[in-house]
Amino acid sequence: MHTSDCRWTRLGAVFALVFTVGAVDAQRIDDRNILNAMEAELERSMSELAEQPDPPFYISYEVTDNYRASVSTTFGRVTRSSESGGTYYDIDLRVGQSEMDNTHLTDRRRFPQVTLGSLASQEGIRNNFWLLTDRTFKQASEELVNVRTKSEIQIDTEGPAFDLAPSVKVSHSELDIPIQFARTEWEKRLQRISNVFNGHPTLLSGNAQGSVIKNVRFFVNSEGSRIQSDELTYTIVLSATTKAEDGSNLNLSKLFHARKPSGLPSDRELTRTADEIVTTLINLRNAPNIEPYTGPAILSGRAAGVLFHEILGHRLEGHRLKQTNDAQTFKDKINQRVLPESMSVVFDPSMKKFGDTDLLGTYEYDSEGVTGQKVRVIEDGILKRFLLGRSTLADEGFRESNGHGRKAIGLKSVARQSNLLVEVDDPYTPLELEEQMIAILKERNLEYGLYFDDIVGGFTITTRSLPNSFTVRPVIVYKIYQDGSRELVRGVDLIGTPLAVFDNVIAAADDTAVFNGQCGAESGNVPVSAISPSILVGQIEVQRASQSRAILPILPPPGSTGS
Amino acid sequence: MNRLCQLLGTAVLLLASTAAAADENSVLVQALQDELERNIDGLELEGVVEPYFIGYTVHTDHSITVAASKGGLENMNTGQTRRLEVEMRVGSRELDNSNFMSRNFRNQRTNRTLALDDDYQLLRKQIRLATDTAYRDAVEIYAAKEAAMKNSQQESALDFSIEEPTIYIDERRSPKLDFADVRNFARELSEVGQDEAFIHDSDVQVFANQHVDTYLNSEGSHFTRMDDTAYIRVTAWTQSEDGRYVSDYVNILGRSWNEIADLPEVKREVKAMHERLRTTRVAEPLDRYNGPVLFQGQAAAELIGQALARNLINYKQPVFENEAIAAMFNRAMLVSSLKERLGSRVLPRSWSVYEDPTQTTYQGTKLVGHYLVDSDGVLTRRVNLVENGILKTLLSDRNPTEDIQYSTGNNATGSGPAVSNLFIEANDGLSDEELKQLLLDIVAENGEDFGLRIDRVASPYIQITGVPSPFLGSQIGQSLPGLRAYKVYPNGDEELVRDAVVRTDLLKELRNLPGYSAKTSVHNSTYLFQGGDVSIFSGNVPVFVSIVTPDLLIEDASLSYMEGVVRSLPIVPHPHAN
């Protein structure tokens, strides 16, 4: 999606099983020497370029050593087994002044610029950053000329905001976390689990995939920060597809993430989940499509989490509030009520777990070397704060980063979400929430309301040039009738505009759930989490989802009658 | 009698009884065979065209790609996959769903990942779904093509040629491949020259793939083909004092990793490449030149590969959905500029040019373009392309044209016809001394101060990270950037120069060469042969090509340097400079 749009989907998984190396190259030099080499070259660059007409006032160097191993199985057999990795060099170099540098008023969209290099020697590391610095400095100098020209011919309405707010020096290093690997065992395990999908001829696919991803990050900047962090994510994905008689393709998947293998579900739990996927898919095949609808609905914790991420979170990302093409929904709503008084929303990258679930949006330092801070954006329903990277706002109180400058490799950092947590003071039980909805149905004389049990993701548009809307893609939806009975339905997307939905949030339950996923926006894919209770919304709208009309496979499965 | 039997006659019996039994992949082959029979006979929808041909290719890969620099790995990918490719043709040979370019970006090929294990029931399930998808796509494409043809003209040739069914089981097995060895090789090789401050950057890329194709079609063809490939590629670049880029590379290709992984020898080649960079960097720039150029060794082979080879391919003009689609894709569609000259002289009168994938070596050197059966199941053979300078035929796959009705067995990778082992023979070549003297005679005749000799040129298919492509703004075959060029003075003295970029219609020049050497040499490289809906919609596969050619003297070449790619020298000195 383009700059101000977001598409959020669950991690396209794969499980893990790695070898004896913990990075792309086991011959990597000592972590301290990597940082020393980066620091030495950074200091040399700052010093040597100081005589230039517009010297850099800030440089940061970053290296990410990535390693990934994965195994895919289908119907009890291995289909792919792979191992990959790369060592990526990145730089952020600023010329001009911190209030107006070479990135000023640019939308920061660009293609990822990926530079590969090795970490086998200090000389090699310095050679790579030498070339990268030269290229980036020349590019930044050209950008600064454009910025200065634009500033002469455009009205800058933003006031004295920082393009790069000052930050404090930090020093941090973590121990290497070894990858726990037993590829053959994991192949067998995933084969056993995906074997559950056998014996169901209507399933077109039935997969169990596993992966491990390890990212070791090295960061130094001209403010003296030195950071080395080590992050491991294990993922298991169970998925299956079938096709309904009306041609609809029906897909269901369940993802599990953990920082250690022991945090993943047991075989018994995974097998049970695979069984549930089969049962739900078979039920979905026979479920009716529903017509476009407006009325009350309950969103499960996972669905509500994605909703908050899309309609609230993206509109609180500070850099957007400086972009003239952004709708800036909440820019002037500080200290105004945006949610019920009982609800607060927090972004907290320091939170590692919720219950037993590891959170993906966790980090200690953001991509700009700033400590990730807990930010209470909404307190008792009142909007209080925005998410900020080092590109800050002019208003007092928003001139410092709160550690949410994030990016994928090769892209420029912007303010992004971390772990979103919806807190409720006086929650109801799920049953009470349902009773409230039924009361609304009776009051409005509506036949049914909707319950969104599970979703696959969503996206939102925040630009002014397009409708300021969101879409959430549900996969398990029930009609709830006035008598409390439920009917599984399919074929709709949840749509709407943000302020209209907030105005209609009535209550929340005490059944908080976690949605882990990848958020894609202008600075690339970053891992995020959303934690929310179920919520009751007085009025939502659904529209027909896009749907295949292709007929069922022409020939019956091999081995069946007539084949 | 069902459709399969109508098509195959006795061939299918042979296939079922002997080939499958002889094949090590018998579970896979049996599953393919059983689904093939069931689908060719059973796939039908009321009022919709039926399949008349189904081809299954299972590509099994076990590969490693490693990039390294300065003694360490920078990127690595390993994986094991088994991929089914379904070729589905509906309608008839007169008119089918192939060779149609539309906004749907689909063609007659469908891909699906298969289980690595030989599970007969699961394989059949996966083959069935892929075939079903392929059939649905095929009938849609067929309908769209039929509609488009009502408003357009196209060649009256068949859409699919008639070929004899082939059964071929490759008895060879891939040698053991140790991925750790490959990684260590790349790492160690990348240490060469890492202390050289004049080299701005240098990268090593190695690749080794154990590949087996298993093929069956509804005409009774069945083959298995081991198609292992491997390469070692080392690139390096620097800048001369005026900021111009100076780059070079080592590119070693083979049919197995063990065949090319001679570390001491490769190190020697890399060191020699670095030495070339060192001297070229400080050589004087050539800039502009018009006159004779002697292409030797690798430069002569690349000249043939880039200027002649792609013109030896028989590309069939596709049917376009409409004018807008035609405008969109016409650029990407290569058309042989020699196609209209079949039967005419296109090369020197004493030249014979032939393609022969059956050859494995040439004068003791292994040829990387060797294979015995092509991706359509057609056996390869020697194809005489040019005799006495006259173009006799072009290389073709099973997409016939009015001029060439049958496959020559040259669908090397499944992306369309391609050159693989190309031989140029001449019976009146000159000795090295005679050829150099001829160059100087032309120089004298033209009243020029010097002639030019080039023995290394760049390849458009080898990208050097950090360096703008010297081919920018040029069509392949119209530009040949020299990496190693020498002014040759009338007294025989030579002076190394840089920035010698040939910008001439080299194909045209080849017709009237004033001279060429008696000595021939073989060079291996990779080329892309893009053309047709398969290569554009399914992706192009680089083809390993061996070219055997004499040195070539071009009478009148123009050389100039494109200034747009100059960038100032680094502001900060190299970290090792002091």
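A quick note: this is a predicted structure, and the numbers were derived from the prediction, not measured.

With respect to the overall build of chain B
Argument step 1. Across its full length, chain B carries twelve helices and 24 strands.
Argument step 2. Relative to all contacts within chain B whose residues are 6 or more apart in sequence, the contacts with residues 24 or more apart total 78%.

Quick notes on the overall build of chain A
Argument step 1. For chain A, the count of helices and strands is seven helices and 25 strands.
Argument step 2. Radius of gyration (C-alpha) of chain A: 25 Å, near the 24 Å computed for a compact globule of 563 residues.
Argument step 3. With the principal axes as the frame, chain A shows a C-alpha extent of 80 × 55 × 40 Å.
Argument step 4. Looking at chain A alone, contacts between residues at least 24 apart form 79% of all its contacts between residues at least 6 apart.

Things to note about the nonpolar core
Argument step 1. Counting 281 residues, the largest nonpolar core has Met-38 of chain A together with Ile-304 of chain B as the members making the most contacts within it.
Argument step 2. Not counting chain neighbours up to four residues away, the residues in contact with Met-38 of chain A comprise Tyr-61, Val-63, Ile-125, Phe-129, Phe-218 and Val-220 of chain A.

Details of the packing of helix α5 (residues 179-189) of chain B against helix α7 (residues 263-281) of chain B
Residue and element names in this part refer to chain B.
Argument step 1. It is at 11 Å that the axes of α5 and α7 come closest, and there the two elements cross at 30°. The handedness of the crossing between α5 and α7 is right-handed. Taking contact as the criterion, the partners of Phe-185, Glu-188 and Leu-189 in α5 are, on α7, Leu-263, Val-266, Lys-267 and Val-270.

Section: the environment of Ser-229 of chain A
Residues and elements named next belong to chain A.
Argument step 1. Mapped onto the fold, Ser-229 is located in strand β7 (residues 226-243).
Argument step 2. Distance from Ser-229 to Ser-173, taken between C-alpha atoms, is 5.9 Å for residues 56 residues apart in sequence.
Argument step 3. With residues up to four places along the chain from it excluded, the contact list for Ser-229 reads Glu-174, Arg-217, Glu-364 and Tyr-365.

Quick word on the interface of chain B and chain A
Argument step 1. Counting residues at the interface gives 47 residues for chain B, matched by 47 residues for chain A.
Argument step 2. Sorting the residues of the side of chain B that touches chain A by element identifies α3 (26-42), β1 (51-69), β2 (72-90) and α4 (120-149) of chain B as the ones contributing at least two each.
Argument step 3. The biggest single contributor to the side of chain B that touches chain A is β2 of chain B, with ten residues.
Argument step 4. A class-by-class count of the residues in the side of chain B that touches chain A yields 16 nonpolar, 18 polar and 13 charged.
Argument step 5. Pairing of strand β3 (residues 77-95) of chain A with β2 of chain B involves six bridges; the strand directions are antiparallel. In the sheet register, Glu-83 of chain A faces β2 of chain B, and the bridge partner there is Thr-78 of chain B.

Some words on the packing of helix α3 (residues 183-194) of chain A against helix α4 (residues 267-286) of chain A
In a pair of packed helices, the angle between the axes and the distance between the axes together describe the arrangement.
Residues and elements named next belong to chain A.
Argument step 1. One can describe the packing of α3 onto α4 by two numbers: an axis separation of 9 Å at closest approach and a directional angle of 35°. Judged by the sense of rotation from one axis to the other, the crossing of α3 with α4 is right-handed. When α3 is examined against α4, the residues Arg-189, Arg-192 and Ile-193 are found in contact with a partner set consisting of Asp-267, Leu-270, Thr-271 and Ala-274.
Argument step 2. Looking at the contact of α3 with α4 residue by residue, the class counts come to three nonpolar, one polar and three charged.

Some thoughts on α3 of chain A
Argument step 1. The end-to-end C-alpha separation of α3 of chain A is 16 Å, in line with the 16 Å expected for twelve residues at 1.5 Å each.
Argument step 2. Buried positions along α3 of chain A lie against β2 (56-74), β3, β6 (203-221), β7 and α4 of chain A.

Comments concerning the confidence of the model for chain A
Argument step 1. A residue-level look at chain A finds 92% of positions with pLDDT of 70 or above and a mean pLDDT of 89.
Argument step 2. Predicted confidence is poor over residues 1-22 of chain A, with pLDDT under 50, and the contacts of this stretch with residues over four places away or in other chains come to 99 contacts.

Concerning unusual backbone geometry
All names here are of chain A.
Argument step 1. Although it is not a glycine, Phe-75 sits at a positive phi angle of roughly 45°.
Argument step 2. Structurally, the position occupied by Phe-75 is in the loop between β2 and β3.
Argument step 3. Phi angles above zero are rare outside glycine, and Asn-335 is one such case at about 70°.
Argument step 4. Along the polypeptide, Asn-335 turns up in the loop between α5 (301-311) and β10 (343-347).

Things to note about the pairing of strand β25 (residues 535-544) of chain A
Residues and elements named next belong to chain A.
Argument step 1. The sheet contact formed by strand β9 (residues 293-299) and β25 spans six bridges and is antiparallel. Counted as the bridge partner of Leu-299 is Ile-535 from β25.
Argument step 2. Two strands pair when backbone bridges link them, and strand β21 (residues 492-496) and β25 are joined in this way by four bridges, in the antiparallel orientation. Following the sheet pairing, Ile-495 is matched in β25 by Glu-541.

Overview of the pairing of strand β21 (residues 494-498) of chain B
Note on strand geometry: in a regular strand, side chains alternate between the two faces of the sheet.
Residues and elements named next belong to chain B.
Argument step 1. The pairing of strand β10 (residues 284-285) with β21 spans two bridges and is classified as parallel. When the bridges of β21 are listed, Glu-284 appears paired with Val-497.
Argument step 2. The pairing of strand β20 (residues 480-488) with β21 spans four bridges and is classified as antiparallel. Bridge pairing in β21 links Ala-485 to Val-497.
Argument step 3. The turn linking β20 back onto β21 is made up of five residues, and Gly-492 within it adopts a positive phi angle of 95°.

Concerning the confidence of the model for chain B
Residues and elements named next belong to chain B.
Argument step 1. In this model, chain B carries an average pLDDT of 89, and 91% of its residues clear a pLDDT of 70 or more.
Argument step 2. Ignoring residues within four places in sequence, the model shows residues 1-22, a span with pLDDT below 50, making 35 contacts including any to other chains.
Argument step 3. Scored as a whole, the predicted complex attains pTM 0.90, and scored at its interfaces, ipTM 0.88.

Description of helix α6 (residues 430-444) of chain A
All names here are of chain A.
Argument step 1. Taking 1.5 Å per residue as the helical rise, α6 with its 15 residues ought to reach 21 Å, and the 21 Å between its terminal C-alpha atoms agrees with that figure.
Argument step 2. Turning to α6, its buried residues are Leu-433, Glu-434 and Met-437. Within α6, the buried residues cover an arc of 100° as seen down the axis, which keeps them to one side. In this structure, α6 carries Leu-431, Glu-435, Ala-439, Lys-442 and Glu-443 as exposed residues pointing more than 90 degrees from its buried face.
Argument step 3. At the exit of α6 stands Asn-445, carrying a positive phi of roughly 55°.

Section: the environment of Val-237 of chain A
Residue and element names in this part refer to chain A.
Argument step 1. Checked against the element boundaries, Val-237 lands in strand β7.
Argument step 2. Residue classification places Val-237 among the buried positions, given that 22 C-beta atoms sit within 10 Å.
Argument step 3. Taking the C-alpha atoms as reference points, Val-237 and Phe-256, separated by 19 residues in sequence, lie 6.4 Å from one another.

Quick notes on the rules
- Residues numbered from 1 in each chain as written.
- Chains lettered and ligands numbered in written order.
- Predicted model: local features only at pLDDT ≥ 70, side-chain atom pairs only at ≥ 80, totals over all residues.
- Helix = DSSP H or I, 4+ residues; strand = E, 2+ residues; numbered from the N terminus.
- Contact = placed C-beta atoms within 7 Å.
- Rg over C-alpha atoms; globule rule 2.2 N^0.38 Å.
- Core = buried A, V, L, I, M, F, W, Y, C linked by C-beta atoms within 7 Å.
- Buried ≥ 20, exposed ≤ 12 C-beta atoms within 10 Å, placed from the backbone.
- Axes fitted to C-alpha atoms, helices over the stretch in contact; angles between N-to-C directions.
- Left-handed = near helix turned anticlockwise from the far one by under 90°.
- Nonpolar A, V, L, I, M, F, W, Y, C, P; charged D, E, K, R; others polar.
- Pairing = 2+ DSSP bridges.
- Expected span 1.5 Å × (residues − 1).
- pLDDT = per-residue confidence, 0-100.
- Arc of directions from axis to C-beta.

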